[in-house]
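# Working through the structure, step by step
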Amino acid sequence: MSTEPKAAPAANASPNDRALEVGLTGQFFDALRVSVAVLERDPASPTALYLTGRFLADADRKDSARAALSLAVARAIDASQIAIAIAACADLARIGEDPGYYRDAIAEAFPLV
């Protein structure tokens, strides 16, 4: 067990960055508070939806995580944020969801030229 103090999120970090920093320390419920606050201001935020889904999955809230992550894929596609769409798809697979539908949707939205 490490006795090093946990680093506080940077003061100038975005709310999504703060949520990610807190979540990576294993404090999923604290991270959820931050990501849900972002969603209250911007319910269609692909990044906040993804982070919320990821933290819900980490907290073993699989049904809620599935809903948030699938919506994150859709909103990321709408916003042309392929990285978020792929990350959400990967986390859907991590919680046992068949990612085929989501991969197909991403491939259709971002075809290779």
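We now turn to the structure provided with this report.

## Topic: the pattern of salt bridges
- According to the stated counting rule, one finds seven salt bridges in the structure shown.
- One salt bridge connects Asp-63 with Arg-66, and the closest N-O pair in it is separated by 3.0 Å. Taken together, the positions of Asp-63 and Arg-66, both in helix α4 (residues 62-78) and three residues apart, correspond to about one turn of that helix.
- Relative accessible area serves as the criterion here: at 60%, Asp-63 is assigned to the exposed category.
- The exposure class assigned to Arg-66 is partly exposed, which follows from its relative accessible area of 23%.
- One salt-bridge network, held together by shared partners, links Asp-58, Asp-91 and Arg-94.

## Considering the nonpolar core
- Tyr-50 and Val-73 are the most contacted members of the largest nonpolar core, which has 27 residues in total.
- Counting residues per element, the ones that place at least two in this core are α1 (15-24), α2 (28-41), α3 (46-58), α4, α5 (82-94) and α6 (100-109).
- At seven residues, α3 tops the list of elements feeding residues into this core.

Calculation rules
Residues numbered from 1 in each chain as written. Predicted model: local features only at pLDDT ≥ 70, side-chain atom pairs only at ≥ 80, totals over all residues. Heavy atoms only, no water. Salt bridge = Lys/Arg side-chain N within 4 Å of Asp/Glu carboxyl O. Helix = DSSP H or I, 4+ residues; strand = E, 2+ residues; numbered from the N terminus. Buried < 20%, exposed > 50% of the residue type's maximum accessible area, 1.4 Å probe, protein only. Core = buried A, V, L, I, M, F, W, Y, C linked by side-chain atoms within 4.5 Å.

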